[in-house]
Number of protein chains: 2
Amino acid sequence: MVALCPDEKNAPCDTRAGKDADSCSAELSGNVCENFSEDGILALLDRHFPTTHPALKLGRGDDCAVLAEKGPLAVSSDLFLEDVHFRRSYFRPEDIGYKALAVNISDLAACGARPRGFELCLGLPESITIAWLEAFFSGMAGLARQHAMVLAGGDLSRSPSLHISLTVWGDSAGHEGFLVRGGSMPGDVLFVVGRLGLARVGLHILEERGREALRDWPDACAAHLRPQPQVDAGRMLARAGFNARPPALMDISDGLMQDLPRLLGQTGGLRASGHGVGFGAEIVLARGQLHPEVLRHAAHYGRDPVRETLLGGEDYALLGSCAPDMLPALNAAIPGLFSLGVVTDSGSIVCNNETLDGLRGFDHFAFGRC
Amino acid sequence: MVALCPDEKNAPCDTRAGKDADSCSAELSGNVCENFSEDGILALLDRHFPTTHPALKLGRGDDCAVLAEKGPLAVSSDLFLEDVHFRRSYFRPEDIGYKALAVNISDLAACGARPRGFELCLGLPESITIAWLEAFFSGMAGLARQHAMVLAGGDLSRSPSLHISLTVWGDSAGHEGFLVRGGSMPGDVLFVVGRLGLARVGLHILEERGREALRDWPDACAAHLRPQPQVDAGRMLARAGFNARPPALMDISDGLMQDLPRLLGQTGGLRASGHGVGFGAEIVLARGQLHPEVLRHAAHYGRDPVRETLLGGEDYALLGSCAPDMLPALNAAIPGLFSLGVVTDSGSIVCNNETLDGLRGFDHFAFGRC
């Protein structure tokens, strides 16, 4: 594609930075400027991301990649934008590369899928250097390797702002189905895999103190900078659902108070796929369950740690429900799984014996609305 | 995902504009601001884009969509960015929606794939209104409908600049393979399906005169604003290759002079997939073959119309090569296909008896380098 030239408004321009303009292609191609050689980016990509994979018939370098997948695929896309989802002031480039992929993988985990591959679209402002890209790719490639995912293709362009968008896919490894949000029944137990509230503390403290915060709040900062998608847990849950009523499952990206109603079918997110009966829940969150940094942060800032945990945000934990008789086996098999409460037919959410339906709205405004 | 709040740097904020924050989900969810209700965007999406499709087991509304595809898939991604790839001054929102999808579909056409579905990531600045989105979706949905493609999911976010990225996929309709760039042999005939140089004229004249240019240069403007991906031709070419040596094929997005060497394996784009022998070509482009608006534009601005056509850009025509004995059948079956010349073993590109190897570099700088 030809890029417009902002400095020469009246002439079309060919902005390829080098002769091998399409060399990061299929379609890791695009228009980038000045301090990049596209050849350099291609070399970087090839050094960090293998081009072959059992799931690929044809890798980077053509108009399309060709996936060899034979069964159903779970597919998801997420944006990861500077000053919307991250700040370069306290995210190192390797953290940005890591997290952009991690939040996408978390959606695969939420379906019990096995991650397989991804497409990467990168809009790069002029401030980005090749050294920055090197670190960015390194962070992303490390996580991709950990999950045996292949970078099948994508696109590069210069851009007014740093813009990252990914599309990821996963399969069901041949024998399991995918898990969905719908299907909770009154009497089902609610469970979580992962930590709640810790990433919220990390965001707050990093915004306030920058990377200096890492010294005193290492776990909270790590939860925000490098969330760990719960892929193994998701796959075990999918297997558990193979010969029984499958668990309902999602990942908690917007905080328990926003996401629990979605699991229960109370909000619009589920309508398109035909779920959405709208049950309630009774949950228990004891202070003893909370991470020490969550408790310390709440004490320091005069906040209620349970409330902060409920509000959360970017936990990237899994939230699910299942028949009560399934829980003991899940508990034994899945590290980090804990029971949160039960699904009720009341339509409201009760935490530690207090009805919480107003909490979401309240804090939504208390913390400002962009 | 929680968005940062630029106005309240020291506090995390929940920026969901409405209670149904995830309602455009799976993952057409995200953080948008002010003049949007997410419910409104969901309603818009559902009005324009059906949620069911034979290729989908599970549509929008969950953490992932689930594709029902059983065979190999061709996958491609492209960025479409304001003031890099388009300007709002002369692109109507429906044209932006149309072209963002069209340039992606063109990559599927280049593989001979049948388009099936796509993911849409949208970064929206505050200047975007719901009316703008309505028109944008309408342009995109019209083209999606034309190719029976389903919008499986995506992501929405507020963003410093208008940012569109898509991932598209297509199948081989059960019996054909996909076509790739490599495989040209000396003696093969080169062919094009579509028009060369017209979109370049459109870009130039729209940059100079804005939408007023549509009056005097309707075809050139249409070629730039609403390129037509050559899906039918790509699929016919894939079928032609089923019982014979398959044609080599790609789409011309950066102009013939940039893309022809890629087809012939001269540049880096092909290295990753193992092609890349590096042949040459002898081509003929007679003035009589050029569109009247290309000739008129060249005459008006004192340019050489053949040279402008070679430079091109955003033609979204198909460029291919095949064994000579395949050409007559292709010619008869595919409207708009014309013969361009032959593949040689010389390593250089000759047009109308002149060697053109320097042309690309020359004009690359003549038109400015961003």
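Here we summarise the structure given alongside this text. Note that this is a predicted model, so its numbers are computed, not measured. (Residues numbered from 1 in each chain as written. Chains lettered and ligands numbered in written order. Predicted model: local features only at pLDDT ≥ 70, side-chain atom pairs only at ≥ 80, totals over all residues. Heavy atoms only, no water.)

**Focus: the packing of aromatic side chains**
A full pass over the atoms with the stated rule returns 16 aromatic pairs over all chains. A centroid spacing of 5.9 Å and a plane angle of 85° characterise the contact between B:F49 and B:F137, whose relative ring orientation is edge-to-face. Of the two residues, B:F49 sits in the loop between α1 (38-48) and β2 (56-58) while B:F137 sits in helix α3 (residues 130-146), which places them 88 residues apart along the sequence. For B:F137, a relative accessible area of 0% puts it in the buried group. Judged by centre distance (6.0 Å) and plane angle (65°), the ring pair of B:F86 and B:F91 falls under edge-to-face. A relative accessible area of 2% places B:F91 in the buried class. What links up through ring pairs into an aromatic cluster is the set A:F49, A:F118, A:W132, A:F136 and A:F137. Taking NZ or CZ as reference, A:R296 lies 4.1 Å from the ring centre of A:W217, over its face. (Phe/Tyr/Trp six-rings, centres within 6.5 Å; stacked < 30°, edge-to-face > 60°. Helix = DSSP H or I, 4+ residues; strand = E, 2+ residues; numbered from the N terminus. Buried < 20%, exposed > 50% of the residue type's maximum accessible area, 1.4 Å probe, protein only. Lys NZ or Arg CZ within 6 Å of the ring centre and 35° of its normal.)

**Quick notes on the sheet that holds strand β9 (residues 248-252) of chain A**
All names here are of chain A. The strand order across the open sheet built from 7 strands is β9-β11-β8-β12-β10-β13-β14, with neighbouring strands paired in mixed fashion. Two strands lie at the open edges of the sheet, namely β9 and β14 (354-355), each paired on one side alone. In this sheet, strand β13 (residues 349-351) lies alongside strand β10 (residues 280-283) in parallel orientation, the contact comprising 3 bridges. For E282, the partnering residue across the bridge sits in β13 and is V350. Packed onto the sheet, helix α7 (residues 231-240) meets β8 (189-193), β9 and β11 (317-322) and runs at close to 15° relative to β11. (Pairing = 2+ DSSP bridges. Contact = heavy atoms within 4.5 Å. Axes fitted to C-alpha atoms, helices over the stretch in contact; angles between N-to-C directions.)

**Describing the pattern of salt bridges**
Residues and elements named next belong to chain B. Going through the model one piece at a time under the given rule, you end up with 45 salt bridges over all chains. We note a salt bridge from D83 to R87, for which the minimum N-O separation is 3.5 Å. You can call R87 buried: its relative accessible area is 6%. Its salt-bridge partner being R245, residue D188 comes within 2.7 Å of it at the nearest N-O pair. Separated by 57 residues along the polypeptide, D188 in the loop between β7 (163-171) and β8 (189-193) and R245 in the loop between α7 (231-240) and β9 (248-252) bring together distant segments of the chain. For D188, a relative accessible area of 2% translates into the label buried. (Salt bridge = Lys/Arg side-chain N within 4 Å of Asp/Glu carboxyl O.)

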